Amino acid sequence: MELANDPNMLLLILLPLLILQLVLLTFALIDLFKRSETNGPKWVWLLVIIFMNILGPIIYFLWGRTKR
């Protein structure tokens, strides 16, 4: 059975990445809207989180958040 010919196998491989992306996106957006200040404009971080897939939320958590 080849991977390219079996869509179910491909889905099983990609499902953990899709779940990780959804969880990171959700927590990053919640955190962004709860904070009164960020390192830079909030609208820029919103675009980074939404359009950079898995890396966007990670970048936000590393450099976008201010210390509370």
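What counts as what
- One numbering rule holds for all chains: residues counted from 1, following each sequence as written.
- The predicted nature of this model means local features are confined to residues of pLDDT at least 70 and side-chain atom pairs, given and counted, to a pLDDT of 80 or more, with totals for whole chains, interfaces and linings taken over all residues.
- Processing note: side-chain calculations cover all non-hydrogen atoms of the structure and skip hydrogens and water entirely.
- The helix count covers DSSP runs of H or I at least four residues long, the strand count covers runs of E at least two residues long, and both are numbered beginning at the N terminus.
- Each radius of gyration is computed over the set of C-alpha atoms, and the globule rule expresses the reference value as 2.2 Å times the number of residues to the power 0.38.
- When accessible area is computed with a 1.4 Å probe and restricted to protein chains, residues below 20% of their type maximum are described as buried, those above 50% as exposed, and intermediate ones as partly exposed.
- Contact between two residues is taken to exist if any of their heavy atoms lie within 4.5 Å; hydrogens are not considered.
- Shrake-Rupley sampling with a 1.4 Å probe provides the accessible areas, and residues are treated as covered by the protein chains on show and by no other component.
- The angle between two axes is taken between their N-to-C directions and runs from 0 to 180 degrees, where each axis is a line fitted to C-alpha atoms and a helix contributes only its stretch in contact.
- Throughout this description, any angle smaller than 35 degrees is read as roughly parallel, any larger than 145 degrees as roughly antiparallel, any in the 65 to 115 degree range as roughly perpendicular, and the remainder as oblique.
- By convention, the crossing between two helices is left-handed when the near helix turns anticlockwise from the far helix through less than a right angle, and right-handed when the turn is clockwise.
- Gly counts as polar in this scheme, as do all residues outside two lists: the nonpolar Ala, Val, Leu, Ile, Met, Phe, Trp, Tyr, Cys and Pro, and the charged Asp, Glu, Lys and Arg.
- As a per-residue measure, pLDDT reflects the predictor's confidence and takes values from 0 up to 100.
- The nonpolar core is taken to be a set of buried Ala, Val, Leu, Ile, Met, Phe, Trp, Tyr and Cys residues, with the residues joined through side-chain atoms within 4.5 Å.

(A) Broad picture of the overall build of the protein. Along the backbone of the protein there are 3 helices and 0 strands. Secondary structure elements of the protein occur, N-terminal to C-terminal, as α-α-α. The C-alpha radius of gyration computed for the protein amounts to 16 Å, which surpasses the reference 11 Å derived for 68 residues by more than 25%, pointing to a less compact arrangement than a globule. Considering the protein as a whole, with its 68 residues, one finds that 24% of them fall into the buried category. By sequence separation, contacts in the protein at least 24 residues apart represent 52% of the contacts at least 6 residues apart. A total of about 5,300 Å² of accessible surface is found on the protein, and carbon and sulfur atoms cover 72% of it.

(B) Focus on the side chain of T38. Within the secondary structure, T38 is located in the loop between α1 (7-34) and α2 (42-51). Apart from the residues within four sequence positions on either side, T38 is in contact with L32, W45, Y60, G64 and T66.

(C) Main features of the packing of α1 against helix α3 (residues 55-64). The interhelical angle for the contact between α1 and α3, taken along N-to-C directions, is 40°, at an axis separation of 9 Å. The angle between the axes of α1 and α3 places the two elements in the oblique class. With respect to the hand of their crossing, α1 and α3 are arranged in left-handed fashion. For the pair α1 and α3, contact is made by L24, L25, F27, A28, D31 and L32 and by P57, I58, Y60 and F61, respectively. The residue makeup of the contact of α1 with α3, split by class, is 9 nonpolar, no polar and 1 charged.

(D) How the structure looks around the confidence of the model for the protein. Counting all residues, the mean pLDDT for the protein is 89, and 91% of those residues have values of 70 or more. At the low end of the mean pLDDT range in the protein sits α1, at 92; at the high end sits α2, at 96.

(E) Just the nonpolar core, in detail. Listed in full, the 7 residues of the largest apolar core are A28, L29, L32, W45, V48, I49 and Y60. When contributions to this core are tallied by element, the ones reaching two or more residues are α1 and α2. Beyond its immediate sequence surroundings of up to four residues, L29 is in contact with L46, I49 and I50.

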